[in-house]
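Chains, contacts and geometry: an overview
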Amino acid sequence: MAGMKSRQRMFAAVMRLLLKCLRLGRRRRFKLVRQVEQLWHYGHLCLRSLLYNSFTNGDVVLDSLFEPIYWLVDHVTRWFGVVFVALVIGLTSSIVAIVYICLLPLILQTYTPAWICWHLAYGHWNLIMIVFHYYMAITTSPGHPPQAKDDLTGVSICRKCIAPKPARTHHCSICNRCVLKMDHHCPWLNNCVGHYNHRYFFSFCLFMTMGCIYCSISGWEMFRDAYAAIETYYQTPPPTFSFRQRAFHKSVVYLWVLCSSVALALGALTLWHAALITRGETSIERHINKKERQRLQKKGKVFRNPYSYGSWDNWKVFLGVDMPRHWLTRVLLPSPHLPHGTGLSWDLPPCVTKQRAPLLAI
C-alpha cells in the first residue's frame with residue numbers, strides 16, 4: 001500500500017513537471033513570435049521612413065544605402081589629394097626633364113632654324129601656361145557663401161551646413177563646406193572647382209592636353225626609332241648600346257606613351273567640360289537640368305537654362321572676355337583676373353548683349 005502511494009506521488013510530480021515544461025515552451029514560443037513581430041514592425045517603419053513624402057524616389061533610397069561607401073570615398077579622397085597633386089607634379093617634371101635632357105639637344109642639332117624657333121617658342125609658352133594655371137587652380141579658393149544668415153536674403157538653407165545656400169551653390173562632402181557655383185571636387189587639384197577657380201581648372205586641362213599632343217606628334221619619329229632599338233636588346237648577339245643610349249631609348253618611349261595616354265584621357269575630359277561651358281552649366285547642374293527638362297517635358301513645357309546666354313556669350317563670360325584685346329591678354333597669356341560677379345547673385349554680365357532667356361516657355 002505504501003509503495004502504491006509513493007508511485008502515485010512520483011507520477012503526479014512527473015506530470016506537474018511535464019505541464020510546467022509545456023507552459024514554459026509555450027511562453028518561449030510566444031516570446032519569439034513577439035520578437036519577430038517587433039522586428040517586422042521596425043523594418044516596416046524604416047522602409048516607410050525612406051518614403052516619407054512624394055519627392056522621395058529610388059535615387060534617395062540608393063543614396064541612403066550607399067551612404068557608408070560615400071563616406072569612405074570622401075575621406076580617402078581627402079587624404080589622397082596631396083598624393084595626387086605630388087603625382088601630377090612628379091610626372092610633369094619628368095616629362096620636362098626628358099625634353100630638356102634628351103630631345104632638345106637633338107632638335108638643336110638636326111632641325112632647321114625656323115623649326116627650332118617654333119619649338120622653343122611654342123614649347124615654353126605651353127609650359128608656362130600649364131604651370132601658371134595648375135598653380136592657380138590648386139591655390140585659389142573656389143569661393144564659399146557667408147555663414148551669417150543676415151548677409152543674404154531669398155536663398156535656401158543648406159541642410160548640412162545650416163547656412164545660406166545661394167543659387168548654383170552646392171555642398172562638398174569632401175571639403176565639408178558649401179562651394180559657390182560648384183562643378184566638382186577634383187582630387188588632382190586637392191581642391192574644389194568652383195566660381196573663382198573654374199577657369200584655371202579648364203585652362204590647365206586644355207593646355208596640358210595641347211602639350212601632350214605636341215609632345216606625342218613631335219616625338220613620333222623618335223619613338224619609332226627608340227622602340228625599334230629596344231626590340232633589338234634581346235637579339236643574339238645583343239647590340240652594343242651604351243648605358244646612355246639605352247636610357248635615351250627608354251626615356252623617349254616613356255615620354256611618348258605617357259603623353260599619348262594623358263592626351264586621350266584628359267582630352268576627353270576637356271571636351272566634356274567644353275560642352276558644359278557652351279551650354280552654360282556645371283557638371284552638377286547638368287544632372288539637375290536633365291531631370292528638370294524631363295519633368296517639364298511630361299507637362300508639355302520646355303526648360304530654359306537661366307544661366308545660359310548663348311554659346312558664344314557663355315564662353316566670353318566664362319573666360320572673362322569683355323573686349324577684343326582680352327582674347328590675347330586673358331586667354332592666350334597668363335591672367336589672374338577674377339570672374340564676373342561674386343557667385344552670390346547672377347546679374348547679366350556686361351559682355352552679354354542678349355537678354356537672358358526665360359526659365360520656362362510653354
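To be clear, the structure that these remarks concern was listed above.
Residues numbered from 1 in each chain as written. Predicted model: local features only at pLDDT ≥ 70, side-chain atom pairs only at ≥ 80, totals over all residues. Heavy atoms only, no water.

1. A closer look at the overall build of the chain
Assigned secondary structure in the chain consists of 10 helices and 8 strands. Across the 362 residues in the chain, those meeting the buried criterion constitute 34%. Sequence-distant contacts in the chain: of pairs separated by 6 or more residues, those separated by 24 or more amount to 64%. Accessible surface for the chain amounts to roughly 23500 Å². Of this, 67% is attributable to carbon and sulfur atoms. (Helix = DSSP H or I, 4+ residues; strand = E, 2+ residues; numbered from the N terminus. Buried < 20%, exposed > 50% of the residue type's maximum accessible area, 1.4 Å probe, protein only. Contact = heavy atoms within 4.5 Å. Areas by Shrake-Rupley, 256 points an atom, 1.4 Å probe, with all protein chains shown as cover.)

2. Examining the packing of helix α5 (residues 198-218) against helix α7 (residues 243-279)
Put simply, α5 and α7 touch, their axes get as near as 8 Å, and they point 145 degrees apart. Judged by the twist between their axes, the crossing of α5 over α7 is left-handed. Residue composition of the contact of α5 with α7, grouped by class: 17 nonpolar, 7 polar and no charged. (Axes fitted to C-alpha atoms, helices over the stretch in contact; angles between N-to-C directions. Left-handed = near helix turned anticlockwise from the far one by under 90°. Nonpolar A, V, L, I, M, F, W, Y, C, P; charged D, E, K, R; others polar.)

3. Considering the pattern of salt bridges
Tallied over the full model, the rule gives 6 salt bridges. A salt bridge links Arg-295 to Glu-292; the shortest N-O distance between them is 2.5 Å. Placement of the pair is Arg-295 and Glu-292 together in helix α8 (residues 283-298), with a separation of 3 residues, close to one helical turn. Arg-295 gets classed as partly exposed once you look at its relative accessible area, which sits at 39%. Between Asp-322 and Arg-330 there is a salt bridge, with its nearest N and O atoms 3.7 Å apart. (Salt bridge = Lys/Arg side-chain N within 4 Å of Asp/Glu carboxyl O.)

4. Side note on the nonpolar core
Residues Leu-189, Phe-204 and Leu-255 are the most contacted members of the largest nonpolar core, which totals 39 residues. Within the residue set of this core, elements represented by two or more residues are α3 (67-110), α4 (113-139), α5, α6 (220-231) and α7. Non-local contacts of Phe-204, meaning those with residues more than four positions away in its chain, are made with Val-88, Ile-130, His-133 and Tyr-134. Within the second largest apolar cluster, 8 residues are counted, among which are Ala-274, Ile-277, Leu-319 and Val-321. (Core = buried A, V, L, I, M, F, W, Y, C linked by side-chain atoms within 4.5 Å.)

5. Thoughts on the packing of aromatic side chains
If you walk through the whole model with that rule in mind, you get 18 aromatic pairs. An angle of 85 degrees between the planes, with centres 6.3 Å apart, marks the rings of Trp-315 and Phe-318 as edge-to-face. Taken together, the residues Trp-315 and Phe-318, both in helix α9 (residues 311-319) and 3 residues apart, mark about one turn of the helix. Ring pairing ties together the aromatic residues Trp-118, Tyr-122, Trp-125, Phe-207 and Tyr-214, which thus form one cluster. When the ring centre of Trp-346 is taken as origin, the NZ or CZ atom of Arg-168, which lies over that ring, is 4.8 Å away. The lysine or arginine in question, Arg-246, covers the ring of Tyr-233, its NZ or CZ lying 4.3 Å from the ring centre. (Phe/Tyr/Trp six-rings, centres within 6.5 Å; stacked < 30°, edge-to-face > 60°. Lys NZ or Arg CZ within 6 Å of the ring centre and 35° of its normal.)

6. Section: the side chain of Asn-191
Along the chain, the position of Asn-191 falls in strand β6 (residues 191-193). Classification of Asn-191 as buried rests on a relative accessible area of 11%. When neighbours within four sequence positions are excluded, Asn-191 is seen to be in contact with Ala-137, Ile-138, Thr-140, Pro-142, His-185, Cys-186 and Asn-197.

7. Thoughts on unusual backbone geometry
Of note, the phi angle at Ile-162 is positive, near 55 degrees, even though the residue is not glycine. One can find Ile-162 in the loop between β1 (156-157) and β2 (164-165). Within the chain, Asn-190 stands out as a residue other than glycine whose phi angle is a positive 55 degrees. For Asn-190, the position within the fold is in the loop between β5 (184-186) and β6.

8. Let's talk about the packing of α5 against α9
Contact pair α5 / α9: the axes reach a minimum separation of 9 Å and the direction vectors enclose 105 degrees. By the criterion of interaxial angle, the relationship of α5 to α9 is roughly perpendicular. Where α5 abuts α9, its residues His-198, Arg-199 and Phe-202 lie against Trp-315, Phe-318 and Leu-319. Split into classes, the residues belonging to the contact of α5 with α9 amount to 4 nonpolar, 1 polar and 1 charged. (Parallel < 35°, antiparallel > 145°, perpendicular 65-115°, else oblique.)

9. Focus on the side chain of His-337
Turning to its location among the elements, His-337 is positioned in the loop between α10 (326-331) and β8 (360-361). At a separation of 2.7 Å, a polar atom in the side chain of His-337 contacts the side chain of Ser-335. Filtering out sequence-adjacent residues up to four positions away, His-337 remains in contact with Arg-199, Tyr-200, Leu-319, Gly-320 and Arg-330. (Polar contact = N/O pair within 3.5 Å; in protein donor to acceptor, adjacent residues only side chain to side chain.)

10. Considerations on α8
With 16 residues, α8 should reach 22 Å at 1.5 Å per residue; the first-to-last C-alpha distance of 24 Å fits that figure. For α8, the set of buried residues is Ser-283, Glu-285, Asn-289 and Leu-296. End-on view of α8: buried residues confined to an arc of 125 degrees, all on one side of the axis. Trailing α8 by a residue or two, Gly-300 shows a phi angle of about 80 degrees, which is positive. (Expected span 1.5 Å × (residues − 1). Arc of directions from axis to C-beta.)

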